[in-house]
Amino acid sequence: MSVLDCAIIGGGPAGLTAGLYTTRGGLENVVMFEKGMPGGQITNSSEIENYPGVTGEITGMDLMAPWPEQCSKFGLVHEMVNVTRVSKSGDLFTIHKEDGTTTDAHSVIIGTGSRPRRAGFAGEDEFFGRGVSTCATCDGFFYKGKEVAVIGGGDTALEEALYLAKICSKVYLVHRRDTFRSAPNTIERVKSTENIELVLNSVPDEVYGDKMGVTGIRVKDKEGNTRNIDVPGVFTFVGNDVNNQTLIQEDGSFLCDMNEQGQVIVDISMKTSVPGLFATGDMRIAAPKQVVSAAGDGAVAALQAISYVDELLN
Ligand code: FAD
Ligand code: NAP
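From a predicted model like this one, the values you see are computed outputs, not experimental measurements. (Residues numbered from 1 in each chain as written. Chains lettered and ligands numbered in written order. Predicted model: local features only at pLDDT ≥ 70, side-chain atom pairs only at ≥ 80, totals over all residues. Heavy atoms only, no water.)

### Here we look at the packing of helix H1 (residues 13-24) against helix H7 (residues 291-313)
Okay, so step 1: The N-to-C vectors of H1 and H7 enclose an angle of 35°; their axes lie 7 Å apart at closest approach. For the pair H1 and H7, the crossing hand works out as right-handed. Contacts from Pro13, Ala14, Thr17, Ala18, Tyr21 and Thr22 of H1 reach H7 at Val291, Ala294, Ala295, Gly298, Ala299, Ala302, Leu303 and Ile306.
Okay, so step 2: Class assignment of the residues belonging to the contact of H1 with H7 gives a composition of 11 nonpolar, three polar and no charged. (Axes fitted to C-alpha atoms, helices over the stretch in contact; angles between N-to-C directions. Helix = DSSP H or I, 4+ residues; strand = E, 2+ residues; numbered from the N terminus. Left-handed = near helix turned anticlockwise from the far one by under 90°. Contact = heavy atoms within 4.5 Å. Nonpolar A, V, L, I, M, F, W, Y, C, P; charged D, E, K, R; others polar.)

### A short note on helix H5 (residues 155-167)
Okay, so step 1: Taking 1.5 Å of rise per residue, 13 residues should cover 18 Å, and H5 covers 19 Å from first to last C-alpha, within 8% of that figure.
Okay, so step 2: Of the residues making up H5, those classed as buried are Ala157, Leu158, Glu160, Ala161, Leu162, Leu164, Ala165 and Ile167.
Okay, so step 3: Of the surrounding secondary structure, the elements contacted by the buried residues of H5 are helix H4 (136-139), strand S9 (147-151), strand S10 (170-174), helix H6 (184-191), strand S11 (196-199) and strand S15 (233-236). (Expected span 1.5 Å × (residues − 1). Buried < 20%, exposed > 50% of the residue type's maximum accessible area, 1.4 Å probe, protein only.)

### Some thoughts on the sheet that holds strand S13 (residues 213-221)
Okay, so step 1: The three strands are arranged S12-S13-S14 in an open sheet whose pairing can be described as antiparallel. Only two strands of the sheet have a single partner each, and these edge strands are strand S12 (202-210) and strand S14 (226-229). Strand-to-strand twist across the sheet, computed as the mean angle between neighbouring axes with direction ignored, equals 25°.
Okay, so step 2: In terms of strand pairing, S12 meets S13 through eight bridges, oriented antiparallel. Directly across from Val203, in S13, lies its bridge partner Lys220. (Pairing = 2+ DSSP bridges.)

### Remarks on a negative patch on the surface
Okay, so step 1: Together, Glu49, Glu57, Asp155 and Glu159 make up a region of like negative charge exposed at the surface.
Okay, so step 2: Considering the arrangement of structural elements, one finds Asp155 in helix H5. (Patch = residues over 30% accessible without salt bridge, like charges linked within 9 Å, V, L, I, M, F, W, Y side chains within 5 Å. Areas by Shrake-Rupley, 256 points an atom, 1.4 Å probe, with all protein chains shown as cover. Salt bridge = Lys/Arg side-chain N within 4 Å of Asp/Glu carboxyl O. Lys, Arg positive; Asp, Glu negative; His and termini not counted. Charge placed at Lys NZ, Arg CZ, Asp CG, Glu CD.)

### Details of H6
Okay, so step 1: Along H6, the positions that sit buried rather than exposed are Thr186, Ile187 and Val190. Looking down the long axis of H6, one finds its buried residues gathered within 100° of arc, a one-sided arrangement.
Okay, so step 2: Buried residues along H6 sit in contact with H5, S10 and S11. (Arc of directions from axis to C-beta.)

### Some points on the environment of Arg117
Okay, so step 1: Checked against the element boundaries, Arg117 lands in the loop between strand S7 (114-116) and strand S8 (132-133).
Okay, so step 2: As for Arg117 and Phe141, which are separated by 24 residues in sequence, their C-alpha atoms are 22 Å apart.
Okay, so step 3: Contacts of Arg117, omitting those with residues within four sequence positions, involve Val238, Gly239, Asn240 and Asp241.

### Some details on the side chain of Asn259
Okay, so step 1: With respect to the helices and strands, the residue Asn259 is situated in the loop between strand S16 (240-242) and strand S17 (277-279).
Okay, so step 2: Classification of Asn259 by relative accessible area gives buried; the value is 18%.
Okay, so step 3: Within the structure, the side chain of Asn259 is placed 3.0 Å from the backbone nitrogen of Gln261, a separation counted as a polar contact.
Okay, so step 4: A distance of 2.7 Å separates the side chain of Asn259 from the side chain of Gln263, its partner in a polar contact.
Okay, so step 5: Setting aside residues up to four positions removed in sequence, Asn259 forms contacts with Ile265 and Ile285. (Polar contact = N/O pair within 3.5 Å; in protein donor to acceptor, adjacent residues only side chain to side chain.)

### Structural notes on the pattern of salt bridges
Okay, so step 1: Across all of its chains, the model carries nine salt bridges by this definition.
Okay, so step 2: Residues participating in the shared-partner salt-bridge network are Lys170, Glu197 and Arg227.

### Let's talk about the domain arrangement of the chain
Okay, so step 1: In terms of domain boundaries, the chain breaks down into domain 1 (6-116 + 240-313) and domain 2 (132-236).
Okay, so step 2: Between the C-alpha centres of domain 1 and domain 2 the distance comes to 32 Å.
Okay, so step 3: The interface is formed by six residues belonging to domain 1 together with nine residues belonging to domain 2.
Okay, so step 4: Summing the contributions of domain 1 and of domain 2, the shared interface buries around 610 Å²; its carbon and sulfur component is 34%. (Domains from an automatic or database assignment. Buried area = accessible area lost by both parts, 1.4 Å probe.)

### Structural notes on the site of ligand 2
Okay, so step 1: In the neighbourhood of ligand 2, 19 residues make up the surrounding shell, with Asn50, Thr156, Glu159, Arg177 and Arg181 lying closest.
Okay, so step 2: The separation between an oxygen atom of ligand 2 and a polar side-chain atom of Arg181 is 2.8 Å.
Okay, so step 3: For ligand 2, the protein covers 77% of the area, taking 910 Å² as the surface of the free molecule.
Okay, so step 4: Looking at which element gives the most residues to the shell around ligand 2, the answer is H5, with three residues.
Okay, so step 5: Split into classes, the residues belonging to the shell around ligand 2 amount to four nonpolar, nine polar and six charged.
Okay, so step 6: For the shell around ligand 2, the two domains that each supply at least three residues are domain 1 (6-116 + 240-313) and domain 2 (132-236). (Near = heavy atom within 4 Å.)

Below, the structure written as structure tokens:
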């Protein structure tokens, strides 16, 4: 394959928007490397109500469904592969892929997003996929008419607790403090939902079960009192870690400057410390972690990449 004008790593809202703007803005040879179906983590959300211009109840999956088609109309190519590393030698970037092949590119826009963090209680890994889940839209239906526990006190935990409350007979919302870090109207909705019981100032201690799966979770409050909540399903929503693995070089260093949380340092043009490399969406410093801002980053980075490639080649 000839050298790409731009390689886009990640096909979430940031990568897809970068794909739309680079191709529509005149770059002819652009490939978006996405290891799964394009759409990103919002496709796991049961409801999104803050994407501008989109009214009514809409799932993350429905929101993202038309994005890839819109991009391919302008020439964006999607290669479904896991990128293992991005390196740079001279002016040329190399995309290293899990299938052992490589692709060279003049510029790179990276938007590999973030992934759900583990809460760190006993049994969490052992029972992951057998009663412990990080996706209510994927697994909520398995607990139709049953009781479940949700761990966390952010937007994700509260929104997914509301979603689960519609399917399940009861939701125990376990949070380590007595105030939430979520939008006020979401907090109000949670508090006024009859089948959500707030279990506050409590942390998960252990998930227990048998060979069939989870049978309950023991939580501990600030005084050290424990309580067993017998549920077959435990959903954890305790934040995200940045997917920055592709920027790690063979010697263990990062390709570009990062902060101590592993987020990519960018300026307001999404430029990293490496010319021609742009970082977007949830993986960059000070990311608002919203679909609309990730999409905005993708557009900004694309316009910068077009100028960069133009200057490099002309
Ligand atoms: P992501 O969406 O994380 O996309 C990154 C993509 O990169 C993924 O598709 C991934 O498969 C791919 N990728 C990662 N590593 C590689 C690799 N090595 N090789 C190839 N591909 C790779 N935001 C809102 O604005 N409103 C909401 O209501 C809202 N609700 C949410 C509910 C939930 C449950 C969650 C989890 C998030 C929610 N968010 C919401 C946040 C929003 O989803 C994110 O801010 C947004 O998706 C970030 O977009 P992104 O493109 O930066 O990354
Ligand atoms: P978050 O805002 O980081 O919240 C994580 C929650 O989990 C916090 O309440 C935290 O408690 C708790 N927690 C963290 N580690 C824990 C542990 N080990 N054990 C128990 N509890 C733990 O994460 P998020 O809710 O996934 O949201 C991520 C980002 O996406 C945010 O910026 C959010 O605004 C955004 N988002 C937005 C929307 C929306 O706009 N509608 C929807 C979803 C997500 P503390 O509160 O005590 O720290």
